[in-house]
Structure formats: C-alpha cells, structure tokens
Amino acid sequence: MSADAVMPVSVVIERRETDNQWDDHLWRPAGVLPRADLERGKLLAEGEGWTQYYGGVLDIELFRGETDGYRTNLSQNPPLVYIVLRRSADAEVLEFEPFMATVCPYEAMSYSEGNDDVVEGVPMPPEVMEWLREFVALHHVDRPFVKRKNKRQKGKEENERGRQPHPGRVLS
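Per chain, the residues get numbers from 1 upward, laid out in the order the sequence is written. pLDDT decides what is reported in this predicted model: residues at 70 or higher carry local features, side-chain atom pairs at 80 or more are listed and counted, and totals for whole chains, interfaces and linings draw on all residues regardless. Where side-chain values are given, they derive from all heavy atoms of the structure, hydrogens and water being excluded.

S.K.: I'm lost on the overall build of the protein chain in this one. Help?
M.R.: Each helix is a run of DSSP H or I of at least 4 residues and each strand a run of E of at least 2, with the numbering of both proceeding from the N terminus. When its secondary structure is counted, the protein chain shows three helices and seven strands. Going from N to C terminus, the protein chain has its helices and strands arranged as β-β-β-β-α-β-β-α-β-α. Counting the 172 residues in the protein chain, one finds 34% classified as buried. The contact rule is simple, with two residues in contact once any of their heavy atoms fall within 4.5 Å. Sequence-distant contacts in the protein chain: of pairs separated by 6 or more residues, those separated by 24 or more amount to 62%. For the accessible areas, the method is Shrake-Rupley and the probe is 1.4 Å, while residue cover comes only from the protein chains on display. Surface exposure of the protein chain reaches about 12,100 Å², of which carbon and sulfur atoms provide 47%. Summary of the burial criterion: residues with accessible area below 20% of their type's maximum are buried, those above 50% are exposed, and those between are partly exposed, where the area comes from a 1.4 Å probe applied to protein chains only.

S.K.: Please clarify how the pattern of salt bridges should be interpreted in this entry.
M.R.: Oppositely charged side chains can pair when the atoms bearing their charge come close. For salt bridges, the criterion is a side-chain nitrogen of Lys or Arg within 4 Å of an Asp or Glu carboxyl oxygen. Following the criterion strictly, the structure yields six salt bridges and no others. Between E120 and R28 there is a salt bridge, with its nearest N and O atoms 3.5 Å apart. Here E120, found in strand β7 (residues 118–123), pairs with R28, found in strand β2 (residues 25–34); they are 92 residues apart in sequence, far enough to count as distant. Judged by relative accessible area, E120 falls into the partly exposed class, the value being 29%. Salt bridges linked by common partners bring E14, R16, R28 and E120 together as one network.

S.K.: I keep staring at helix α1 (residues 67–74) and nothing clicks. Help me out?
M.R.: Helical periodicity: at 3.6 residues per turn, an α-helix aligns residues three or four positions apart in one direction. When we look at burial in α1, the residues that qualify are T67, G69, Y70, N73 and L74. All buried residues of α1 project into a common sector of 155° when viewed along the axis, lining one side. Residues of α1 that are buried make contact with β4 (50–62), β5 (80–87), α2 (105–111) and α3 (126–139). Arc definition: directions from the helix axis to the C-beta atoms.

S.K.: How should the environment of M124 be read in this particular structure?
M.R.: Along the polypeptide, M124 turns up in the loop between β7 and α3. Residues M124 and Y82, spaced 42 residues apart in sequence, show a C-alpha to C-alpha distance of 8.9 Å. Sequence-distant contacts of M124, defined by excluding residues within four places in its chain, comprise N73, P79, L80, V81, V103, M129 and L132.

S.K.: Please clarify how the side chain of S10 should be interpreted in this entry.
M.R.: Relative to the helices and strands, S10 resides in strand β1 (residues 5–17). Within the structure, the side chain of S10 is placed 3.5 Å from the backbone oxygen of P34, a separation counted as a polar contact. As used in this structure description, the phrase polar contact means that two N or O atoms lie within 3.5 Å; if the pair is within protein, one of them must be able to donate a hydrogen and the other to accept it, and residues adjacent in sequence are counted only when both atoms belong to side chains.

S.K.: Is there a simple way to explain the packing of α1 against α3 in this structure?
M.R.: When two helices pack together, their arrangement is given by the angle between the helix axes and by the axis-to-axis distance. Close contact between α1 and α3 brings their axes to 10 Å; oriented N to C, the two are set at 135°. The orientation of α1 relative to α3 falls into the category oblique. Remark: the crossing between α1 and α3 carries left-handed chirality. Residues T67, Y70, R71 and L74 of α1 lie in contact with α3, whose contacting residues are M129, L132, R133, F135, V136 and H139. Gly is put with the polar residues, along with every residue not named as nonpolar or charged; the nonpolar set is Ala, Val, Leu, Ile, Met, Phe, Trp, Tyr, Cys and Pro, and the charged set is Asp, Glu, Lys and Arg. When the residues that make up the contact of α1 with α3 are grouped by side-chain class, the tally is six nonpolar, two polar and two charged. Angular values range over 0 to 180 degrees, each being the angle between N-to-C directions of two axes fitted as lines to C-alpha atoms, with helices fitted over their stretch in contact. Each angle is binned into one of four classes, with values under 35 degrees roughly parallel, values over 145 roughly antiparallel, values of 65 to 115 roughly perpendicular, and all other values oblique. Crossing handedness is defined as follows: a turn of the near helix away from the far one that is anticlockwise and smaller than a right angle gives a left-handed crossing, while the clockwise case is right-handed.

S.K.: Just checking my understanding: could you explain the nonpolar core for this structure?
M.R.: Most often, soluble globular proteins keep nonpolar side chains buried together rather than apart. The term nonpolar core refers to a set of buried residues drawn from Ala, Val, Leu, Ile, Met, Phe, Trp, Tyr and Cys, joined through side-chain atoms within 4.5 Å. One finds I60, L62, Y70, V81, V103 and V128 to be the most contacted residues of the largest nonpolar core, which totals 31 residues. Looking at this core, the elements with two or more residues in it are β1, β2, β4, α1, β5, β6 (96–102), β7 and α3. The residues contacting V103, other than those within four sequence positions of it, are I60, L62, G69, Y70, N73, L80, V81, Y82, M124, V128 and L132.

S.K.: Just to check I follow, could you spell out the layout of surface pockets for this structure?
M.R.: Gaps left between atoms are located by rolling a probe of water-molecule size over the structure's atoms. By volume, the largest pocket is sized at about 170 Å³. In terms of residue count, β2 provides more of the lining of the largest pocket than any other element does, three residues in total. Residue composition of the lining of the largest pocket, grouped by class: four nonpolar, three polar and three charged. Definitions used for this entry: grid spacing 1 Å over protein atoms alone; cavity, a set of points where a 1.4 Å probe fits but cannot get out; pocket, an open set with protein on both sides within 12 Å along at least 5 of 7 lines; lining residue, one with an atom within 4 Å of a point. Grid points are joined across faces, edges and corners, and a volume is the space filled by probe spheres set on the points.

And the structure:
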C-alpha cells in the first residue's frame, strides 16, 4: 500500500550511561530534524553520561485511513513523532539504528509488543505538526460508531460443525 503523503526526517539517537546491573548503557531516540545529509553515526552532541549521534533519514508516511490516530496524536501535549530503533547489523558504527518513524500512536504501539525494538516518542517539530494538521483537515472523515451484532448462538444439541453430538456425550 503506498502512502498518501511522505515527509523525510533526520533522526537523532542517544547513547546514555545507566546504573543498571545488566547494561552499562541504553539507546533511545533523542529527536527528529528536517532532513539532513550527514554521515550515519556522526557525533552531534555530548555531555556527561550521554552522546547523541546522527542516525539517518526515515520517511514519515501518512495514510488517509489512519487519520483517527493522527488526530489522537495532535490532541496530546506535546504531539510526538514515534521512532522505532532496531539492533544494527553494523554495530561498529551504531549499536541501534532508526528503523521506522510514524505519527500514529497505534502503529507505534504495535512495534512495542514482544521484541527488542526500542519505541519512543520525541517532540514533533513545528513543520511536521503543520503538515500533519493539513493532512488531517483534508482527509479525515468522522465515522459513526456502529455496534456489532452478536452472532447467532447454536443450540445445545449442535456442536461447532452443526452435527448432532455423539450419543454417549452430554453437552452442557
């Protein structure tokens, strides 16, 4: 499925020292910037216990069918760009690398379930926020809530396949 709108952003990732007994550091997204063509792994800033690197460029893709999620994000204070970091195959440059950027909190949540990905939101830059607001204003359609009807229940005399039960078996 192709996106209805795309905006490239540059991702800044951070390596931070921790007091954890199993890991001496952790990686997390630190921010997004307008697209910059820098060398992946370039040192951008450092301080006591932390270092920020240029992670690369990712596309934020927007889809007409996901405007509910975008509206939810825009209602938050502040709205966020969610970055998914994944272990890098080239750990000599960066141990984790940006894998995906999204502005849909529901999509981000699906990446946080049961794997080693790091998923965190970073503040949304003003130019991304304006672009997203315009997209939602243009494409959002309110859909009324429709309650699902219950499926017809089978009688106690029928099993799942519609057959009569075995004569020696009692259904409860």
